[in-house]
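Architecture at a glance
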Amino acid sequence: MNNSAAQSLVNHVNSDVAEFSDRYDAYAPPVGLDMAGHDTFLMGPKAVILDSFIVDLLHVDTSAQTFRLKLLLNMDWEDDGTIEPEVKFKRGLGRKGTSSRSTELSGSSGDNITNSTARTLKTMGSNVGSTYKTGKYVLKKDYSDDPLGTTWNPEVVLVNAVGDENPIEAGSTLHSIAMLGGRPVITRCLLYQPECRCKFSFANFPFDETELVVKFSSNKWNSEQVNFLWSERLNSIGRDVGGGNDISSSCRLQREKSYLKRSVDKSAVGGVGLSEFEIVKVRVESDEKDVNSMQRYDNAEGAFSEAHLVITVRRDPYSYLLRVGSVGELLMILEVLSFFGPPDLSDRFSISGTIFLALVSLYGPMADALPKVSVVTRVDKWNLYNFSLLFASNMENLIAFMVQGFISERLLHFIEVCLGMVYLSAVLGNLFWFLKPLADREEFDAMSRWVEKRVDRVVDAVMNPFLWVRRSFVRLKIKAGLAKPETSSSNVNGDKMRWTVMAAMRFKSQAFKSEGRMDTGVLRMGRGSIKRDDQARKTV
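Values in this document were obtained by computation on a predicted structure and should not be read as measured data.

Scanning the protein chain from terminus to terminus reveals 16 helices and 12 strands. Relative to its 540 residues, the protein chain shows a buried fraction of 36%. Put simply, of all contacts in the protein chain between residues at least 6 apart along the chain, 79% involve residues at least 24 apart. If you sum the accessible surface of the protein chain, you get close to 32,100 Å²; carbon and sulfur atoms cover 58% of it.

Bringing the nonpolar core into the picture now. Formed by 46 residues in total, the largest nonpolar core has its most connected members in Leu50, Leu212, Val214, Phe216, Ile279, Leu309 and Ile311. Examining the composition of this core, we find that six residues originate from one element, strand β2 (residues 66-77), more than from any other. Contact partners of Leu309, with chain neighbours within four places excluded, come to Ser52, Ile54, Leu71, Leu212, Val213, Val214, Phe216, Trp230, Val282, Arg283 and Val284. One finds Phe387, Tyr423, Ala426 and Val427 within the second-largest nonpolar core, a separate group that totals 12 residues.

Now for the packing of aromatic side chains. A full pass over the atoms with the stated rule returns 12 aromatic pairs. Ring-pair connections join several aromatic residues into one group, and the members of that group are Trp77, Trp152 and Trp221. Cation over ring: Arg378 sits above Trp433, and NZ or CZ is 4.2 Å from the ring centre.

Right, let's talk about helix α9 (residues 318-334) for a bit. Between its first and last C-alpha, α9 extends 22 Å over 17 residues, near the 24 Å set by a 1.5 Å rise per residue. At Gly325, α9 shows its strongest bend, of approximately 35 degrees. Within α9, burial applies to Tyr320, Leu321, Val324, Gly325, Gly328, Glu329, Leu331 and Met332. Tucked inside the fold, the buried residues of α9 contact β12 (303-315), α11 (345-368), α12 (378-403) and α13 (409-434).

Now for the sheet that holds strand β11 (residues 277-290). Read from one edge of the open sheet, four strands run β5-β9-β12-β11, paired in antiparallel fashion. Two strands close off the open sheet at either side, each with one partner strand: β5 (156-158) and β11. Strand after strand, the sheet turns through a mean of 25 degrees between neighbouring axes, direction not considered. Across 13 bridges, β11 lies against β12 in antiparallel orientation. Each bridged residue has a counterpart across the sheet, and for Glu288 the counterpart in β12 is Ser305.

Bringing a nonpolar patch on the surface into the picture now. A surface patch of nonpolar side chains, about 590 Å² in accessible area, is lined by Phe406, Ile407, Leu411, Phe414, Ile415 and Leu419. Here Phe406 shows up in the loop between α12 and α13.

Under the definition given, this model contains 10 salt bridges. Put simply, Arg283 and Glu211 hold a salt bridge, and the shortest N to O gap is 3.0 Å. Pair noted here: Arg283 is in strand β11 and Glu211 is in strand β9 (residues 209-218), with a separation of 72 residues, a long-range link. A relative accessible area of 23% means that Arg283 is categorised as partly exposed.

Another point: a positive patch on the surface. Together, Arg449, Lys453, Arg454 and Arg457 give the surface a local cluster of positive charge. Lys453 sits in the exposed class, given a relative accessible area of 52%.

Looking now at the state of the cysteines. What the rule picks out here adds up to zero disulfides. Here Cys196 is not cross-linked by a disulfide; its sulfur's nearest cysteine counterpart is in Cys198, at 8.2 Å. Under the relative-accessibility criterion, Cys196 is labelled buried at 0%.

Here the focus is the side chain of Asp76. Note that Asp76 resides in strand β2. If sequence neighbours within four positions are ignored, Asp76 has contacts with Phe20, Ala47, Val48, Ile49, Val185, Ile186 and Thr187.

Another point: the packing of α9 against α12. At their nearest, the axes of α9 and α12 sit 11 Å apart, and the two run at 20 degrees to each other. In terms of orientation, α9 and α12 fall into the roughly parallel class. Taken as a pair, α9 and α12 cross one another with a handedness that is left-handed. Judged by residue contacts, Gly325, Glu329 and Met332 of α9 engage Trp382, Asn386, Leu389 and Leu390 from α12. Classifying every residue of the contact of α9 with α12 by side-chain character gives four nonpolar, two polar and one charged.

Under the 1.5 Å per step criterion, the end-to-end length of α11 is 34 Å for 24 residues, consistent within 8% with the ideal 34 Å. Of all the residues in α11, the buried ones are Leu345, Arg348, Ser352, Ile355, Leu359 and Met366. Against the buried residues of α11 lie α9, α10 (337-340), α12 and α13.

Averaged over every residue, the pLDDT of the protein chain is 74; residues scoring 70 or more account for 70%. This model gives residues 96-126 a pLDDT under 50, and the stretch forms 16 contacts once residues within four places in sequence are excluded. Of the regions scoring below 50 in pLDDT, residues 511-534 engages in 28 contacts with residues more than four places distant in sequence or in other chains.

The rules behind the values
Residues numbered from 1 in each chain as written. Predicted model: local features only at pLDDT ≥ 70, side-chain atom pairs only at ≥ 80, totals over all residues. Heavy atoms only, no water. Helix = DSSP H or I, 4+ residues; strand = E, 2+ residues; numbered from the N terminus. Buried < 20%, exposed > 50% of the residue type's maximum accessible area, 1.4 Å probe, protein only. Contact = heavy atoms within 4.5 Å. Areas by Shrake-Rupley, 256 points an atom, 1.4 Å probe, with all protein chains shown as cover. Core = buried A, V, L, I, M, F, W, Y, C linked by side-chain atoms within 4.5 Å. Phe/Tyr/Trp six-rings, centres within 6.5 Å; stacked < 30°, edge-to-face > 60°. Lys NZ or Arg CZ within 6 Å of the ring centre and 35° of its normal. Expected span 1.5 Å × (residues − 1). Bend = angle between axes of the 7 residues up to and from the residue. Pairing = 2+ DSSP bridges. Axes fitted to C-alpha atoms, helices over the stretch in contact; angles between N-to-C directions. Patch = residues over 30% accessible without salt bridge, like charges linked within 9 Å, V, L, I, M, F, W, Y side chains within 5 Å. Salt bridge = Lys/Arg side-chain N within 4 Å of Asp/Glu carboxyl O. Lys, Arg positive; Asp, Glu negative; His and termini not counted. Charge placed at Lys NZ, Arg CZ, Asp CG, Glu CD. Disulfide = S-S within 2.5 Å. Parallel < 35°, antiparallel > 145°, perpendicular 65-115°, else oblique. Left-handed = near helix turned anticlockwise from the far one by under 90°. Nonpolar A, V, L, I, M, F, W, Y, C, P; charged D, E, K, R; others polar. pLDDT = per-residue confidence, 0-100.

And the structure:
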């Protein structure tokens, strides 16, 4: 861990500790099961700091608009009246009755060893100097046997869970005492595997992103009694990502990936065990939920504190593009052939009708994957536009069949060729509009860099023979006396100038790519100007 990461961790811990009191109070009363030991009028609502870690995203059902995941929830709060410093006895080696040798000689049975230990502790307890504090804290004796039944609990529930989702505690009913920035707090970690319901967004299907929200609250304590706060570690993630509008898209994606590794298990990122969705971002929110029915009671508040864990998932569109989109686009391009054939209505209608039925059969399974909601998705608009172009193509075939006896065949063929080009440009324009969201993904930048490298290699391979021919022509001119040979210094200076300009053009191209933009025209213009300058220098 570098210094910046360590300092960031210290700042996060200090922010969390600031929500509690300054130091441990040994004389503070316990909070109690009914919060009698916490005066909300003087001290305000009791702060409970939440932290979460996503183990896996198990299932996302878009039709039912539900999802199931597995996550760890950690809760921290202060209750100084139920804890005390941990005190242990010193070993007292060399003292009478405390050596391990005398213990072994007292007998080999378990009862003898127990009696010897009890006598030793009794003897050491009479001496104050024989004990020491470990620096840790433990529950007091009155609460250690049954902590859940005798100490205060936030009573956290999942508000938007479909069923009664109880935590998976694996038989553990204990509270742990941990040190948070030197402040002892009571902490409890729970494992949930809930099925929650939330609102899905399908407007950009199949390139849609959906926010899966898990809402934590309490059904016992209102917002004046308990305030649920997220840890600064999770709060800083959402704040840093959201406020980075001045940085490039590639840098923002890399920062989000690094944040994602701290909140989601590595096996869950990318959808391991999940074929359609992947987790791309995690953020948290704190809110209050008004319950109007609670306000009719005397001295009762109608608001409850809520903590929201927002998980942004992204659909993988490539299965739809390869199985449905590519086939549909090829059929739309195939319809261009109906413009170039003879104006026979039966032949043209057979081609157009077959393509129309094939597109309908491809569109059906994709529509069945969506819930029956009144939302026009991106794929719906793309298909409706394609169907409109097919309908216009059929109308053109009918009109061409009806007017073929009134105008010359040559003119009719020219008009149909022009209309075919217009149809093809409309189909390709619709395709580019449909695939536009792919430009916002990180794999688009990787693919653009890969294509640019391949184009550069092809250009270099094609230009090398022409450069060799040009050098040979210059040598022949020098031998014939039509040109003067260049000095070594001029060659060196020319090479230095050429490589300097090329390095500047490459640096500028990389700067454009880091900002998410491709300016290949500048690079080509720079190469062309370099070649023209080199040719002018050679021919002088």
